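# Summary of structural features
Each chain, written out:
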Amino acid sequence: SGGLLVSTSAGPRLLPLSHPLIRIGALLAAGLVDRARRWVVATPPPCHDGLASFLARRGHPGLALGDLSSMSLVGHVDLCIRRDRAGLLEACLLDRERPADAARQVHEWDRGRGAGSSPSSYSLYGAVCLYLLGKSRIESAERWLSLGAESGVEGLAAESARISALVLSGGPDKEI
């Protein structure tokens with residue numbers, strides 16, 4: 001069966017050719033996307049974020065966004081924005097049973113990394129709104145801002161107000 005010798009931080013390791021990532025990568029390289037999809041959907045949920053990154057780097061973000069049901073919300077949002085999938089982003093955040101939970105989860109992730117805490121920085125929550133506006137998805141951006149404003153979470157409501165003021169003023173260089 002053989003293997004592939006790879007260099008890791010722990011030293012050289014032999015990766016068996018039967019390893020799922022090797023198989024998925026080989027199938028994708030051969031253009032056998034449907035066969036690769038079978039391996040993708042069989043991947044254990046804890047591996048979905050890493051596999052999504054792997055698939056996106058190989059030019060198959062659609063496999064990640066469509067077939068990895070346990071991908072984290074932040075991973076999904078990041079991939080949608082990076083790969084310009086506005087419709088999937090809207091579905092992920094706004095077409096769910098409790099869209100307010102998505103706004104809170106994105107905000108909590110931001111708080112964990114200290115984003116959005118200064119007037120010159122934007123968080124993922126803000127990036128989502130600005131991305132939707134940039135794609136002329138005005139109603140979705142307004143809904144996203146409303147979810148933040150009505151969340152009852154102090155930092156999230158404040159960021160929603162800050163972005164609303166920026167949008168209403170016409171940009172960051174204009175006086176309000």
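As a reminder, the structure under discussion sits directly above these lines.
Presented here is an overview of the structure given in this document. This structure is a prediction, so every number in the text was calculated from the model and none was measured. (Residues numbered from 1 in each chain as written. Predicted model: local features only at pLDDT ≥ 70, side-chain atom pairs only at ≥ 80, totals over all residues. Heavy atoms only, no water.)

### Quick look at the layout of surface pockets
Put simply, the rule reads: With a 1 Å grid spanning the protein atoms alone, the term cavity applies to any set of points in which a 1.4 Å probe fits but cannot get out, the term pocket to an open set with protein on both sides within 12 Å along at least five of seven lines, and the term lining residue to any residue with an atom within 4 Å of a point. Grid points are joined across faces, edges and corners, and a volume is the space filled by probe spheres set on the points. What counts as a helix is a DSSP run of H or I of at least four residues, what counts as a strand is a run of E of at least two, and both are numbered from the N terminus.
Its volume calculated, the largest pocket comes out at about 180 Å³. Around the largest pocket sit His19, Pro20, Leu21, Ile24, Trp39, Ala42, Thr43, Pro44, Cys47, Gly50, Leu51 and Phe54, which together line it. For the lining of the largest pocket, the secondary-structure elements that each account for two or more residues are helix 1 (20–29) and helix 3 (48–57).

### With respect to the nonpolar core
For clarity, the cut-off: Buried residues of nine kinds, namely Ala, Val, Leu, Ile, Met, Phe, Trp, Tyr and Cys, make up a nonpolar core once their side-chain atoms join them within 4.5 Å. Burial classes follow relative accessibility: with a 1.4 Å probe on protein chains only, a residue under 20% of its type's maximum area counts as buried, one over 50% as exposed, and anything between as partly exposed. Here a residue-residue contact requires only that any non-hydrogen atoms of the pair lie within 4.5 Å.
Counting residues in each nonpolar core, the largest one holds 40 residues, and the members touching the most others are Leu55, Leu93 and Trp144. For this core, the leading source of residues is helix 8 (residues 124–134), giving 6 residues. Those residues in contact with tryptophan 144 that lie beyond four places of it in its chain are Leu93, Leu94, Ala102, Ala103, Val106, Tyr125, Val128 and Cys129.

### Considerations on the pairing of strand 2 (residues 11–16)
Put simply, the test is: At least two bridges found by DSSP between two strands is the condition for calling them paired.
The sheet contact formed by strand 1 (residues 3–8) and strand 2 spans 6 bridges and is antiparallel. Within the sheet, the bridge partner assigned to valine 6 lies in strand 2 and is arginine 13. As consecutive antiparallel partners, strand 1 and strand 2 are separated by 2 residues.

### Let's talk about the packing of helix 8 against helix 10 (residues 154–169)
Basically, it comes down to this: Fitted lines through C-alpha atoms give the axes, limited to the stretch in contact for helices. The angle between two N-to-C directions lies from 0 to 180 degrees. Should an angle lie under 35 degrees it is considered roughly parallel, over 145 roughly antiparallel, and from 65 to 115 roughly perpendicular; all remaining angles are considered oblique. For a crossing to be left-handed, the near helix must be turned anticlockwise from the far one by less than a right angle; the clockwise case is right-handed.
At a minimum axis distance of 10 Å, the contact between helix 8 and helix 10 shows a crossing angle of 30°. Considering their axes alone, helix 8 and helix 10 lie roughly parallel with respect to each other. Crossing of helix 8 over helix 10 shows right-handed handedness. Packed against helix 8, whose contacting residues are Tyr125, Gly126, Cys129, Leu130 and Leu133, the element helix 10 presents Leu156, Glu159, Ser160, Ile163, Leu166 and Val167 at the interface.

### Some words on the pattern of salt bridges
Threshold: We define a salt bridge as a side-chain nitrogen of Lys or Arg found within 4 Å of a carboxyl oxygen belonging to Asp or Glu.
The final tally for this structure, using the stated rule, is 8 salt bridges. Notably, a salt bridge pairs aspartate 78 with arginine 82, separated by 2.9 Å at the nearest N-O pair. Of this pair, aspartate 78 and arginine 82 both sit in helix 5 (residues 73–82), 4 residues apart, which is roughly one turn of that helix. For arginine 82, a relative accessible area of 64% translates into the label exposed. Salt bridges sharing common partners tie together Asp34, Arg37 and Asp67.

### Points about the side chain of histidine 107
On the secondary structure map, histidine 107 appears in helix 7 (residues 99–113). Taking relative accessible area as the criterion, histidine 107 reaches 6% and is therefore assigned buried. For histidine 107, the contacting residues outside a window of four places in its chain are Val153, Gly155 and Leu156.

### A few points about the side chain of serine 151
You can see serine 151 is positioned in the loop between helix 9 (138–149) and helix 10. Residues within four places of serine 151 in sequence aside, it is in contact with Arg104, Leu156 and Ala157.

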